[in-house]
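Residue-level structural notes
One letter stands for each residue in the lines below.
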Amino acid sequence: MPIKIAVPDLISNSYFPVLAACELGFFRANGFEPSLLLMSPADKSYEALKAGEADFVAAEAHAALAVFPRWHGIKLICAQAQGMYWFLVMRTDLGAKRGDLQCVRGRRIGASPWVELGLKRLLIEAGLDPDREGIAISPIPGGLELKVNTGVTAAKALESGAIDGFWANGMGAEIAVRRGAGAIVLDVRRGEGPNGAFDYTLPVVATTERLILDAPRRRRLRSAPWLQATRR
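Below or above, wherever it landed, is the structure these notes cover.

Reading the values: rules and limits
Residues numbered from 1 in each chain as written. Predicted model: local features only at pLDDT ≥ 70, side-chain atom pairs only at ≥ 80, totals over all residues. Heavy atoms only, no water. Helix = DSSP H or I, 4+ residues; strand = E, 2+ residues; numbered from the N terminus. Buried < 20%, exposed > 50% of the residue type's maximum accessible area, 1.4 Å probe, protein only. Pairing = 2+ DSSP bridges. Axes fitted to C-alpha atoms, helices over the stretch in contact; angles between N-to-C directions. Core = buried A, V, L, I, M, F, W, Y, C linked by side-chain atoms within 4.5 Å. Contact = heavy atoms within 4.5 Å. Right-handed = clockwise from strand over helix to strand, strands pointing away.

A look at the environment of Glu 174
- Of note, Glu 174 is situated in helix 5 (residues 170-178).
- Residue class for Glu 174 comes out partly exposed when judged on its relative accessible area of 35%.
- Spatially, the C-alpha atoms of Glu 174 and Phe 87 are 9.8 Å apart, while their sequence positions differ by 87 residues.

Structure representation (structure tokens):
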């Protein structure tokens, strides 16, 4: 049975469990033939899901609300990992210190649509109002095209000086650090940032109620080892 999985970033550890499940044959072992669709930003993946162009989405949970208000019509099947998973990375020459959010004042920060909501809320909780502090949070240059891997694009934009920092995935952070272009300021998963920021969102696998109600698929999904493993 063929299935299509929409993912907003294919060069990322954020959605690695689903990518690995496809590559290692876990879907095929349970009668599914998966294909991955790169659709960025995440709301585009959810739009494809609603339109029936995809059967599943592997992306941040809260972006589903862009297309499925109040969660009507969508089901979050499982978590791919726990907690909000984006990093705040600033240009190396700014001399930003780990955990010091004051470095974002008056700076240009790149973040994808819906991803930026986590950063804005985090800053407000830390006492930094983006408008009052002159913090320009906007899409990453070149990051709004449908077939874009956001983290890699963010690292390139930082290196070129198009932005002063970015809020993006671990792959983008790793590339920026290795190239000497950026330094990690915040990693929420390691307890950095305001209390409660860890629980803002998480990476999930989602589908529609339409597919859940499809009895043959539902039975196969329930028995799938890759899905059972994520529930432990």
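Moving on from the coordinates now.
Focus on the sheet that holds strand 8 (residues 165-168)
- In space, the five strands of this open sheet follow the order 7-6-8-5-9, with mixed pairing throughout. The sheet terminates laterally at strand 7 (136-138) and strand 9 (182-187), the two strands that pair on one side only. Shown here is a sheet whose adjacent strand axes are inclined to one another by a mean of 25°, direction ignored.
- In this sheet, strand 8 lies alongside strand 6 (residues 108-110) in parallel orientation, the contact comprising two bridges.

A short note on the nonpolar core
- The biggest cluster of nonpolar side chains holds 38 residues, and the ones touching the most others in it are Ile 5, Leu 88, Val 104, Leu 122, Leu 123 and Trp 167.
- Elements represented by at least two residues in this core include exactly strand 1 (2-7), helix 1 (16-23), strand 3 (56-60), strand 4 (74-79), strand 5 (87-91), helix 3 (115-125) and strand 9.
- If one sorts the elements of this core by residue count, helix 3 sits on top with four residues.
- Those residues in contact with Val 104 that sit more than four places away from it in its chain are Leu 88, Met 90, Ile 109, Leu 123, Leu 128 and Ile 135.
- One finds Leu 37, Val 67, Phe 68 and Ala 206 within the second-largest nonpolar core, a separate group that totals 18 residues.

Structural notes on the pairing of strand 1
- Where strand 1 lies against strand 2 (residues 33-38), six bridges are found, and the strand directions are parallel. Across the sheet, Val 7 pairs through a bridge with Leu 38, a residue of strand 2.
- For the segment spanning strand 1, helix 1 and strand 2, crossover handedness is right-handed.
- Across two bridges, the pairing between strand 1 and strand 3 is parallel. Its bridge partner lying in strand 3, Ile 5 is registered against Phe 56.

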